[in-house]
Amino acid sequence: MATRNDDDRKNVARNNDERRERLAAGIRRQFGTEATMHFLRALPAFRTENDIPDRFKELLDRLDGIESSIAAGGSRR
């Protein structure tokens, strides 16, 4: 038999879960904006070097393509 306190705890837990999900969705949305991407590309830690080996450039290009297709609603292979 559930008590009122049990129901209250379940409601609080459900509200916390919903709040976390909304926060996570908001953060993902903000990181995906063009303004954020532009800002991150300007930071040295996120900038690619021009003299990296061709193999690494190819891998980065493939990664960009996969990220773009997922963002556009495509499925990952």
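Up top you'll find the structure we're talking about.
Residue indices follow the written sequence of each chain, beginning from 1 at its first position. Where local features are concerned, this predicted model is filtered to residues with pLDDT of at least 70; where side-chain atom pairs are given and counted, the filter is 80 or more; whole-chain, interface and lining totals use all residues. For the side-chain quantities, the full set of heavy atoms in the structure was used; hydrogens and water were omitted.

> Can you explain the overall build of the protein? Please cite residues and give values.
Across its full length, the protein holds three helices and zero strands. Helix and strand labels come from DSSP, where a helix needs a run of H or I of at least four residues and a strand needs a run of E of at least two; each type is numbered from the N terminus. Its helices and strands in sequence order give the protein the pattern α-α-α, from N to C terminus. Our radius of gyration is a C-alpha quantity, and the globule rule it is checked against amounts to 2.2 Å times the number of residues to the power 0.38. For 77 residues, the compact-globule formula gives about 11 Å, and the C-alpha radius of gyration of the protein, at 21 Å, lies well above that figure. C-alpha extents for the protein along the principal axes are approximately 65 × 30 × 20 Å. Every accessible area reported is derived by Shrake-Rupley at a probe size of 1.4 Å, with residue values counting cover from the shown protein chains alone. Total accessible area computed for the protein in this model is approximately 7400 Å², and 54% of it derives from carbon and sulfur atoms. Charged-residue counts in this description rest on Lys and Arg as positive and Asp and Glu as negative, His and the chain ends being excluded. Where a charge sits is defined by one atom per residue type, namely NZ (Lys), CZ (Arg), CG (Asp) or CD (Glu). The average position of the 16 basic charges and that of the 14 acidic charges among the side chains of the protein differ by 5 Å.

> Can you explain the layout of surface pockets? Please cite residues and give values.
The distinction between a cavity and a pocket rests on a 1 Å grid over the protein atoms alone: a 1.4 Å probe fits inside a cavity but cannot get out, while a pocket stays open yet meets protein on both sides within 12 Å along at least five of seven lines, and a residue with an atom within 4 Å of a point counts as lining. Grid points are joined across faces, edges and corners, and a volume is the space filled by probe spheres set on the points. In this model, the largest pocket occupies a volume close to 690 Å³. In terms of lining, the largest pocket is formed by 19 residues, of which the most central are Met 37, Leu 40, Arg 41, Asp 64 and Glu 67. Contributing elements (two or more residues each) for the lining of the largest pocket: helix H1 (4–31), helix H2 (34–42) and helix H3 (54–71). A per-element tally of the lining of the largest pocket places H3 first, with eight residues. Throughout this entry, Asp, Glu, Lys and Arg are counted as charged residues, while Ala, Val, Leu, Ile, Met, Phe, Trp, Tyr, Cys and Pro are counted as nonpolar. The remaining residues, Gly among them, count as polar. Taken together, the residues of the lining of the largest pocket break down into eight nonpolar, three polar and eight charged.

> Can you tell me about a nonpolar patch on the surface, naming the residues and giving the values?
Residues form patches when they are more than 30% accessible in relative terms and have no salt bridge. Like charges link within 9 Å. Nonpolar side chains (Val, Leu, Ile, Met, Phe, Trp, Tyr) link within 5 Å. We define a salt bridge as a side-chain nitrogen of Lys or Arg found within 4 Å of a carboxyl oxygen belonging to Asp or Glu. A grouping of Leu 23, Ile 27 and Phe 31 is seen on the molecular surface, where their side chains present a nonpolar patch of about 300 Å² in accessible area. Its location among the elements puts Ile 27 in helix H1. For the exposure calls, accessible area comes from a 1.4 Å probe over protein chains only, and a residue counts as buried if that area is under 20% of its type's maximum, exposed if over 50%, partly exposed in between. Residue class for Ile 27 comes out partly exposed when judged on its relative accessible area of 39%.

> Can you tell me about H3, naming the residues and giving the values?
A helix is expected to span 1.5 Å multiplied by its residue count minus one. For H3, which comprises 18 residues, the first-to-last C-alpha distance of 26 Å matches the rise-based estimate of 26 Å (1.5 Å per residue) to within 8%. Where H3 terminates, the next one or two residues include Gly 73, which has phi positive at roughly 100 degrees.

> Before we move on, could you go through the pattern of salt bridges and cite the residues and values that matter?
Counting across every chain of the model gives four salt bridges. A salt bridge links Glu 34 to Arg 41; its shortest N-O distance comes to 3.5 Å. With relative accessibility at 56%, the residue Glu 34 sits in the exposed group. Classification of Arg 41 as partly exposed rests on a relative accessible area of 47%.

That is the geometry; function is a separate question.
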